[in-house]
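Survey of secondary and tertiary structure
Chain residues, written in single-letter form:
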Amino acid sequence: MPASRDRAIAALYGVAIGDALGMPTQLMSRAAVAERHGRLSGFEAADAHHPLAAGMAAGSITDDTEQALLLAGMLIDGAGRIDPRQFARALVSWENDMRGRGSLDLLGPSTKRAVEAVLGGESVEAAGRFGTTNGAAMRVTPVGIAVSATDLEVLVDRVEEASLVSHNTGVAIAGASAVAAAVSAGIDGANLEAAFEAAIAAAAIGRQRGYWVAAADVSRRIRWAIGLADQSDSERSLTDIYELVGTSLATQESVPAAFAILATFPDDPWRACLAAASLGGDSDTVAAMVGAVAGATHGTAGFPREARATVDRVNGLHLEPIVDGLLALR
């Protein structure tokens, strides 16, 4: 298998693996995760009283992977381009299907508000002007697979298209651009350090796009957060990430946190995903972003074969044909 294809497959599997690991811990504090789950070592089911994931089996994916796959399908069908209005309609259909399946993990606050505005007649450009959460970053991995990072301006153009309908703000586009660029650079053969530099540069471009909102600079926060990482004392690093960087839905917290976790465990994608899932907060999204970048820079060997088999079996995933469709656009 060509190395680029292996890395692309690993990136999309990384989203699903990180997402499923963080499914039972999302919205919990780090202390509550430790009390209920201890030190995560694999997939676990959600508690019966979990506010979003109650009843979900170990290895189940959430909205992070579901929306990434929705975006992937639209990219393939649109020959690499996204029609924002069509995307808005697809997101509504997806949410209705999720609700029909009894899921409580539906559209995030920024996406739901913006999609309802678009369907109500508001312009696509204006609808996403308040979208500052990490919804664009959580689903953007397919853009990184489909578009090369050799021209970051072009890559950010495609990220902006994928973000426009729900997250048309500089901070959200910056966060999504960072994840997409790191994934794309990894598929092109970059190691983790080089992927970090691509992410930082793309985030600096992305912050100039969309509507301005009062938010910290994602590009600079990624570099600062990476600097907190201490591979010799991972517990201290994770405490700093949790307490200083943050793991909330805010793009300027969760995206830098993902990169800091990667810097703490640069050679072990599986351990990085477990650590991300153990931090609580928006843990499924942080772990999904960690998995995407780690997969793109290490390939499928970075994850246990059984982990990939589990998310396939539990969720009925068939990711390789999707990856091939995305790579055909590259």
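Model, not experiment: these values are computed from the prediction.

1. A short note on the overall build of the protein chain
Secondary structure summary: the protein chain contains 18 helices and 0 strands in total. Dimensions of the protein chain along its principal axes, counting C-alpha atoms only, are 50 × 45 × 40 Å. Within the protein chain, the fraction of its 330 residues that count as buried is 61%. In the protein chain, the share of contacts with a sequence separation of at least 24, taken over all contacts with a separation of at least 6, comes to 74%. Accessible area for the protein chain stands at about 12100 Å²; split by element, carbon and sulfur atoms hold 52% of it. Computed over 26 positive and 39 negative side-chain charges, the separation of the two mean positions in the protein chain equals 2 Å.

2. Some points on helix H16 (residues 283-298)
Since one α-helical turn is 3.6 residues long, residues separated by three or four positions face the same way. A rise of 1.5 Å per residue sets the reference length of H16, with its 16 residues, at 22 Å; its end C-alpha atoms lie 22 Å apart and thus fit the reference within 8%. Among the 16 residues that make up H16, 15 are buried, leaving the element largely enclosed by the rest of the structure. Backbone geometry just downstream of H16 places glycine 299 in the positive-phi region, at approximately 80 degrees.

3. Considerations on the nonpolar core
With 109 residues, the main nonpolar core has Ile17, Val143, Val183, Val255, Phe259, Ile261 and Val290 as its most contacted residues. The element that contributes the greatest number of residues to this core is helix H10 (residues 170-187), accounting for 12 residues.

4. Overview of the side chain of arginine 30
Mapping arginine 30 onto the fold places it in helix H2 (residues 30-37). Here the side chain of arginine 30 touches glutamate 235 through a polar contact of 3.3 Å, side chain to side chain.

5. Observations concerning the side chain of arginine 209
Here arginine 209 lies in the loop between helix H11 (192-206) and helix H12 (218-228). For arginine 209, the side chain forms a polar contact with the side chain of glutamate 153, separated by 2.9 Å. Aside from chain neighbours lying at most four places away, what touches arginine 209 is Glu153, Val156, Asp157, Glu160, Thr169, Gly170 and Ile173.

6. As for the environment of alanine 204
By secondary structure assignment, the location of alanine 204 is in helix H11. Sequence spacing of alanine 204 and serine 177 is 27 residues, and the spatial spacing of their C-alpha atoms is 8.8 Å.

7. Concerning the packing of helix H1 (residues 3-22) against helix H17 (residues 305-315)
Two numbers describe how H1 lies on H17: the axes approach to 10 Å, and their chain directions differ by 80 degrees. The angle between H1 and H17 falls in the class roughly perpendicular. Mapping the contact onto sequence places Tyr13, Ala16, Ile17 and Ala20 in H1 and Ala307, Arg308, Val311 and Asp312 in H17. Of the residues that constitute the contact of H1 with H17, the class distribution is 6 nonpolar, no polar and 2 charged.

8. What to know about the packing of aromatic side chains
Scanning the entire structure with this criterion turns up 2 aromatic pairs. Taking the centre distance of 5.9 Å and the plane angle of 65 degrees together, the rings of phenylalanine 43 and tryptophan 270 count as edge-to-face. Highlighted residues: phenylalanine 43 in the loop between H2 and helix H3 (63-77) and tryptophan 270 in helix H15 (residues 269-278), separated in sequence by 227 residues. According to the relative accessible area criterion, phenylalanine 43 is buried, its value standing at 18%. By relative accessible area, tryptophan 270 is classed as buried at 17%. With a centroid separation of 5.8 Å and an interplanar angle of 75 degrees, the aromatic rings of phenylalanine 196 and phenylalanine 259 are classed as edge-to-face.

9. Side note on the pattern of salt bridges
Counted by the stated rule, this structure contains 17 salt bridges. Among the salt bridges present, the one from glutamate 306 reaches arginine 313, with a minimum N-O distance of 3.8 Å. The class for glutamate 306 is partly exposed, based on a relative accessible area of 48%. In this structure arginine 313 comes out as exposed when scored by relative accessible area, which is 57%.

10. Comments concerning the environment of alanine 10
Secondary-structure assignment places alanine 10 in helix H1. In this structure, the C-alpha to C-alpha distance between alanine 10 and aspartate 63, residues 53 residues apart in sequence, is 19 Å. If sequence neighbours within four positions are ignored, alanine 10 has contacts with Gly291, Gly295, Gly299, Thr300 and Phe303.

11. Considerations on the packing of H11 against H12
At a minimum axis distance of 7 Å, the contact between H11 and H12 shows a crossing angle of 155 degrees. If you check the angle between H11 and H12, you find them roughly antiparallel. Every residue of H12 that contacts H11 at Phe196, Glu197, Ile200, Ala203 and Ala204 is listed here: Val218, Ser219, Ile222, Arg223 and Ile226. Grouping the constituent residues of the contact of H11 with H12 by class yields 7 nonpolar, 1 polar and 2 charged.

12. Quick notes on H15
With 9 of 10 residues buried, H15 is to be regarded as a mostly interior element. Listed as buried for H15 are Pro269, Trp270, Ala272, Cys273, Leu274, Ala275, Ala276, Ala277 and Ser278. Buried residues in H15 make contact with H1, H2, helix H13 (234-245), helix H14 (251-264), H16 and H17. The first or second residue beyond H15 is glycine 280, which carries a positive phi of 75 degrees.

Criteria and cut-off values
- Residues numbered from 1 in each chain as written.
- Predicted model: local features only at pLDDT ≥ 70, side-chain atom pairs only at ≥ 80, totals over all residues.
- Heavy atoms only, no water.
- Helix = DSSP H or I, 4+ residues; strand = E, 2+ residues; numbered from the N terminus.
- Buried < 20%, exposed > 50% of the residue type's maximum accessible area, 1.4 Å probe, protein only.
- Contact = heavy atoms within 4.5 Å.
- Areas by Shrake-Rupley, 256 points an atom, 1.4 Å probe, with all protein chains shown as cover.
- Lys, Arg positive; Asp, Glu negative; His and termini not counted.
- Charge placed at Lys NZ, Arg CZ, Asp CG, Glu CD.
- Expected span 1.5 Å × (residues − 1).
- Core = buried A, V, L, I, M, F, W, Y, C linked by side-chain atoms within 4.5 Å.
- Polar contact = N/O pair within 3.5 Å; in protein donor to acceptor, adjacent residues only side chain to side chain.
- Axes fitted to C-alpha atoms, helices over the stretch in contact; angles between N-to-C directions.
- Parallel < 35°, antiparallel > 145°, perpendicular 65-115°, else oblique.
- Nonpolar A, V, L, I, M, F, W, Y, C, P; charged D, E, K, R; others polar.
- Phe/Tyr/Trp six-rings, centres within 6.5 Å; stacked < 30°, edge-to-face > 60°.
- Salt bridge = Lys/Arg side-chain N within 4 Å of Asp/Glu carboxyl O.

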